[in-house]
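Survey of secondary and tertiary structure
Residue-level listing of the chains:
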Amino acid sequence: MKKIIAIFLSAILILSVCSFPAFSVESGSYSYIIEDGKAVITGYSGNETSLSVPAMLDGYSVFAIGECAFQGNKSITSVTLEDGICEVRDNAFESCVKLSQINLPASITRFGENAIENTAYYNDKTNWTIRPKDLSSSSGGWDFGSGQDTIPWEFIKASKLEYLYLGTVLVRCFVDGSYSVKPDTTVIADGAFFGEDKFEKCTLSTKTVTVGARAFKDCTSLSSVSLNDNCKIYEDAFFNTAIYNTESNWKKDFLTIGKRAVDSKKDCDELNVGDGITFISNGTIGTRNVYIPSSVGRIDIDAFTGRTSVIYGHGGTYAQSFANEYGFTFVDLDNILLGDMDFDGVLTPNDYAIYYACVTCTHKMTRYEKLAGDLNLDGVIDAFDAIYVQILINDKTATIKGDVNGDGKINQNDYTFLSNYVRGKFTPVGENFILRADLNDDGVVDAFDVIYLDLYLNGRVDIK
């Protein structure tokens, strides 16, 4: 019995640490999954040495070579990706030890970390640009020795090999000081400069369209990077650089290079874009709610993951037109409906549910819910506001005299609300409120109605 339990627990542990891809489809020697209507190759079972990877599988456009798709293949010596394939993801060809020739199409816009590490191409020192003084022992550099056809890792780190390119993709760079990429460089691979702590300045090409995830991460001395307006920037590209760690580069919750937001704070449930920022790069917002000022005139759609974010801003700005075009909820801060906690433009039971969650501390209010939530304008959001919104929601259909809060029942809750109304806790609410609250029919709602309701609840009078 103990053995069965141990096996069961082991299975649970494996399931908890492994991530499984979406349902995989076989097409010849390839396996693929579908992402957003396009194929992502996840595996290859063939034994060809020279391989041309197709841009179409079973009528689907192939968008990417997935993570680890060809990892460890011992047969492939040459691979050509057909035009139309856009991404090569992390570890895609890692440890394909015989792979010495890799042809990328012009359509490539993303290249993953360690995608070709420990391939014959990566290990061939002739594919690297090496500082001349490091090429021979006679000049004080390293001597590989005869027959050495791979690059020792200690040589790479000690001699500071400058870079490894694959076509127009900068795959990896070990460098101190300043560095300018080649003029035709289109893609900076994920992790390309990772950890180069003496690297201070980088000049990108006007043709560079992608700065990959973690491209400059932990380059702690990096204080300057030139960017063109068409360059996409992926997550954590500048994390823990001098740029990232300089307070003046942060505008509200966003890291900026020039007037462009390139990263955001990680510990915020909602984000505030600083005034003056004009461009929000992809990968900066995720699923969080965000305030976007009128200065912003461009937003990468990939700044968001999904459409669950609420965008707060001002009517007639780019933020509003962006939200409308891509299906985000937009809240015009100049025209907030008090009590509309879900910002759908009307008061509904869902707004009351949000109030209830706030009052019972099961929901943390956003800064904008706080703006919309103070219905009685007393400076706090509490149970009085929750009751208030309930009355507004129920007012048009609630006509029972004595049912002050409009919930269809006459009870102590009505007495509490009426008492607080008379004491000035609330302003008049709803067109039917007076009808329900004027219990003695004298045309006003006052302390006499409170007394009357108390008498009714104690069975001493009837309500007509």
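Residues numbered from 1 in each chain as written. Predicted model: local features only at pLDDT ≥ 70, side-chain atom pairs only at ≥ 80, totals over all residues. Heavy atoms only, no water.

Restricting attention to buried positions, one finds in helix H9 (residues 412–422) the residues Asp414, Phe417, Leu418, Ser419, Asn420 and Tyr421. Residue Asn411 occupies the N-cap position of H9, its side-chain oxygen lying 3.0 Å from the main-chain nitrogen of Asn413. Residue Gly424 follows H9 closely and has a positive phi angle near 90 degrees. (Buried < 20%, exposed > 50% of the residue type's maximum accessible area, 1.4 Å probe, protein only. Helix = DSSP H or I, 4+ residues; strand = E, 2+ residues; numbered from the N terminus. Polar contact = N/O pair within 3.5 Å; in protein donor to acceptor, adjacent residues only side chain to side chain.)

A few words now on the nonpolar core. If you look at the biggest cluster of nonpolar residues, it comprises 38 residues, and the most contacted ones within it are Val53, Ile65, Phe70, Phe93, Phe111 and Ile116. Where this core is concerned, the elements lending two or more residues are strand E2 (30–35), strand E3 (38–44), strand E4 (50–53), strand E6 (60–65), strand E7 (78–81), helix H2 (120–123), strand E12 (163–166) and strand E13 (169–173). A per-element tally of this core places E3 first, with three residues. Dropping the residues within four chain positions of it, Phe70 is found in contact with Tyr30, Ile41, Tyr44, Leu51, Val53, Ile65, Ile76, Ala92, Phe93 and Cys96. Core analysis: the second largest hydrophobic core is formed by 29 residues, Leu170, Val175, Cys219 and Val225 among them. (Core = buried A, V, L, I, M, F, W, Y, C linked by side-chain atoms within 4.5 Å. Contact = heavy atoms within 4.5 Å.)

It is worth spelling out the sheet that holds strand E11 (residues 128–129) at this point. Read from one edge to the other, the open sheet built from six strands follows the order E11-E12-E13-E15-E17-E19, with strand pairing classed as mixed. Edge positions in the sheet fall to E11 and strand E19 (232–233), since each of these pairs with one other strand and no more. Where E11 meets E12, two bridges bridge the pair, whose relative direction is antiparallel. Along E12, the bridge assignment pairs Thr129 with Tyr163. (Pairing = 2+ DSSP bridges.)

The backbone of Asn118 shows a phi angle near 60 degrees, a positive value even though the residue is not glycine. Even without being glycine, Asn240 reaches a positive phi, approximately 60 degrees. Summarising the element assignment, Asn240 is placed in the loop between E19 and helix H4 (242–245). We classify Asn240 as partly exposed; its relative accessible area is 25%.

In this section: the confidence of the model for the chain. For the chain, per-residue confidence averages 85 on the pLDDT scale, and 87% of positions sit at 70 or higher. Across residues 5–21, confidence stays below pLDDT 50; counting only partners more than four residues off in sequence or on other chains, it has two contacts. (pLDDT = per-residue confidence, 0-100.)

A separate point is the pattern of salt bridges. Opposite charge on two side chains permits them to pair, given that their charged atoms come into close proximity. Counting across every chain of the model gives 11 salt bridges. We note a salt bridge from Arg89 to Glu35, for which the minimum N-O separation is 3.2 Å. Separated by 54 residues along the polypeptide, Arg89 in the loop between strand E8 (87–88) and strand E9 (101–103) and Glu35 in strand E2 bring together distant segments of the chain. Two residues, Glu87 and Arg89, come together in a salt bridge whose shortest N-O distance is 3.0 Å. Each of Glu35, Glu87 and Arg89 takes part in one network of salt bridges that share partners. (Salt bridge = Lys/Arg side-chain N within 4 Å of Asp/Glu carboxyl O.)

Below, the discussion takes up the pairing of strand E21 (residues 254–257). The alternating pattern of E21 places Phe254 and Thr256 on one face and Leu255 and Ile257 on the opposite face, and all of these are buried. For strand E20 (residues 250–251) and E21, the ladder comprises two bridges, and the chain directions are antiparallel. Opposite Lys251, over in E21, you have Phe254 as the bridge partner. Where E21 lies against strand E22 (residues 260–264), four bridges are found, and the strand directions are antiparallel. Residue pairing in the sheet places Ile257 in a bridge with Arg260 of E22. Between the end of E21 and the start of E22, which pair antiparallel, lie two residues, with Gly258 showing a positive phi angle near 65 degrees.

What follows is about the sheet that holds E4. Judged by pairing direction, the sheet is parallel, and its three strands sit side by side in the order E4-E7-E9 without closing on themselves. The two strands at the open ends of the sheet, each matched to only one other strand, are E4 and E9. Neighbour-to-neighbour, the strand axes of the sheet open up by a mean angle of 10 degrees, direction not taken into account. Bridge count between E7 and E9: three bridges; the pairing is parallel. Residue pairing for E9: Val79 is matched across the bridge by Ile102. (Axes fitted to C-alpha atoms, helices over the stretch in contact; angles between N-to-C directions.)

Another point: the packing of aromatic side chains. Scanning all chains against the criterion turns up 25 aromatic pairs. For the pair Tyr312 and Phe343, a centre-to-centre distance of 5.5 Å together with 85 degrees between the ring planes defines the contact as edge-to-face. Here Phe343 lies in the loop between strand E28 (329–332) and helix H6 (349–359) and Tyr312 lies in strand E27 (residues 310–313), a separation of 31 residues in the sequence. Of the two residues examined, Tyr312 and Phe343, each falls in the buried class. Cluster of aromatic residues (ring-pair linked, three or more members): Tyr163, Tyr165, Tyr179, Phe193, Phe199, Phe216 and Phe238. Positioned over the ring face of Tyr234 is Arg110, at 3.8 Å from the centre of the ring. Lying across the ring of Tyr165, Lys182 places its NZ or CZ 4.4 Å from the centre. (Phe/Tyr/Trp six-rings, centres within 6.5 Å; stacked < 30°, edge-to-face > 60°. Lys NZ or Arg CZ within 6 Å of the ring centre and 35° of its normal.)

With that settled, the discussion passes to the pairing of E4. Burial of the side chains of E4 is restricted to one face: Leu51 and Val53 are buried, whereas none of Ser50 and Ser52 on the reverse face is. In this sheet, E7 lies alongside E4 in parallel orientation, the contact comprising four bridges. Within E7, the position partnered with Leu51 by the bridge is Val79.

Between the first and last C-alpha of helix H8 (residues 383–394) there are 17 Å, a value that for 12 residues agrees with the 16 Å anticipated at 1.5 Å per step. All of the buried residues along H8 are Asp385, Ala386, Tyr388, Val389, Gln390, Ile391 and Asn394. (Expected span 1.5 Å × (residues − 1).)

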